[in-house]
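Working through the structure, step by step
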Amino acid sequence: MEIDERIPMNTSERAAWIALVLTPVTVAGYLVVVVPQLAGTAVGEIGWQVPMLWSMGINFVGTIVVTILVTIVAGIGAGLRHQELETGTDERDRGIDRLGGRVALGISAAGLLAVLVLAMIEVDVFWIGNAAFLIGAIGATAGAIAQVGAYRGVLRG
């Protein structure tokens, strides 16, 4: 392969990149709304549930919509270059997807222990909910990092 020859991304890799960007962005948006309330409001009175649901919904729907839009743009670009767009998945893609899932699940499962400890010591539900939310986001982001790393040859599944 020539040094200048680019390996085109397939749909699975595009989705991993989108999740890698969108998850931290939506979590940051949530934190921008909720964290300032900690300065002047008791945690039991902070309205965190609705912003969290918005963050999760935007992440979920946004990942789908952005993946579709990016795939359309990639298809147009491939057509202009007279190339075929790779949209299928093969065994490598399934292995990379499993790797990302194992990383995400491992982090989320380990973080579940922290959430259980918070519940056992009966801290405010604000902290329990936020710990679960952030651990899930960290797990999902780490899974996407593992997938992108595997696609780029940095990690092996």
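It should be emphasised that the depicted structure is a prediction, and the values quoted were computed from it without experimental measurement. (Residues numbered from 1 in each chain as written. Predicted model: local features only at pLDDT ≥ 70, side-chain atom pairs only at ≥ 80, totals over all residues. Heavy atoms only, no water.)

Attention now goes to the packing of helix H1 (residues 11-34) against helix H3 (residues 49-80). Closest axis-to-axis distance for the H1/H3 pair is 9 Å, and the angle between their directions is 150°. In terms of orientation, H1 and H3 fall into the roughly antiparallel class. Remark: the crossing between H1 and H3 carries right-handed chirality. Counting all contacts with H1, which are made through Thr11, Arg14, Ala15, Ile18, Leu22, Thr23, Thr26, Val27, Tyr30, Val33 and Val34, the residues of H3 involved are Pro51, Met52, Ser55, Ile58, Asn59, Gly62, Thr63, Val66, Thr67, Val70, Thr71 and Ala74. A per-class count over the contact of H1 with H3 returns 13 nonpolar, nine polar and one charged. (Axes fitted to C-alpha atoms, helices over the stretch in contact; angles between N-to-C directions. Helix = DSSP H or I, 4+ residues; strand = E, 2+ residues; numbered from the N terminus. Parallel < 35°, antiparallel > 145°, perpendicular 65-115°, else oblique. Left-handed = near helix turned anticlockwise from the far one by under 90°. Contact = heavy atoms within 4.5 Å. Nonpolar A, V, L, I, M, F, W, Y, C, P; charged D, E, K, R; others polar.)

This next bit is on the nonpolar core. Ranked by size, the top nonpolar core spans nine residues in total: Val27, Tyr30, Val34, Ile46, Trp48, Met52, Phe126, Phe133 and Ala137. Counting residues per element, the ones that place at least two in this core are H1 and helix H5 (125-151). Setting aside chain neighbours within four positions, we find Trp48 in contact with Tyr30, Val34, Val125, Phe126, Gly129 and Asn130. (Core = buried A, V, L, I, M, F, W, Y, C linked by side-chain atoms within 4.5 Å. Buried < 20%, exposed > 50% of the residue type's maximum accessible area, 1.4 Å probe, protein only.)

Counting through the fold element by element, Thr63 comes out in helix H3. There is a polar contact of 2.7 Å between the side chain of Thr63 and the backbone oxygen of Asn59. Dropping the residues within four chain positions of it, Thr63 is found in contact with Ile18, Leu22 and Ile58. (Polar contact = N/O pair within 3.5 Å; in protein donor to acceptor, adjacent residues only side chain to side chain.)

Before going further, it helps to spend a moment on the packing of aromatic side chains. A complete count under the given rule lists three aromatic pairs for this structure. Ring geometry for Phe126 versus Trp127: centroids 4.8 Å apart, planes at 85°, classification edge-to-face. Exposure remark for Phe126: the relative accessible area of 2% places this residue in the buried category. Each residue in the set Trp48, Phe126 and Trp127 is aromatic and connected to the rest through ring pairs, giving one cluster. (Phe/Tyr/Trp six-rings, centres within 6.5 Å; stacked < 30°, edge-to-face > 60°.)

Mapped onto the fold, Ile135 is located in helix H5. Sequence separation between Ile135 and Ala104 is 31 residues; the distance between their C-alpha atoms is 9.5 Å. Residues contacting Ile135, with those up to four places away along its chain left out, are Ile107, Ser108, Gly111, Ala114 and Val115.

Bringing the pattern of salt bridges into the picture now. As enumerated under the stated definition, the model contains three salt bridges in all. Across the pair Arg94 and Glu91 runs a salt bridge, and its minimum N-O distance is 3.5 Å. In this pair, Arg94 and Glu91 both sit in helix H4 (residues 91-120), three residues apart, roughly one turn of the helix. Of the residues examined, Arg94 reaches a relative accessible area of 39% and is grouped as partly exposed. Of the charged contacts in the structure, one is a salt bridge between Glu91 and Arg98, with a shortest N-O distance of 3.2 Å. Residue classification places Glu91 among the partly exposed residues on the basis of a relative accessible area of 47%. Owing to a relative accessible area of 44%, Arg98 belongs among the partly exposed residues under this scheme. One connected set of salt bridges, linked through shared partners, spans Glu91, Arg94 and Arg98. (Salt bridge = Lys/Arg side-chain N within 4 Å of Asp/Glu carboxyl O.)

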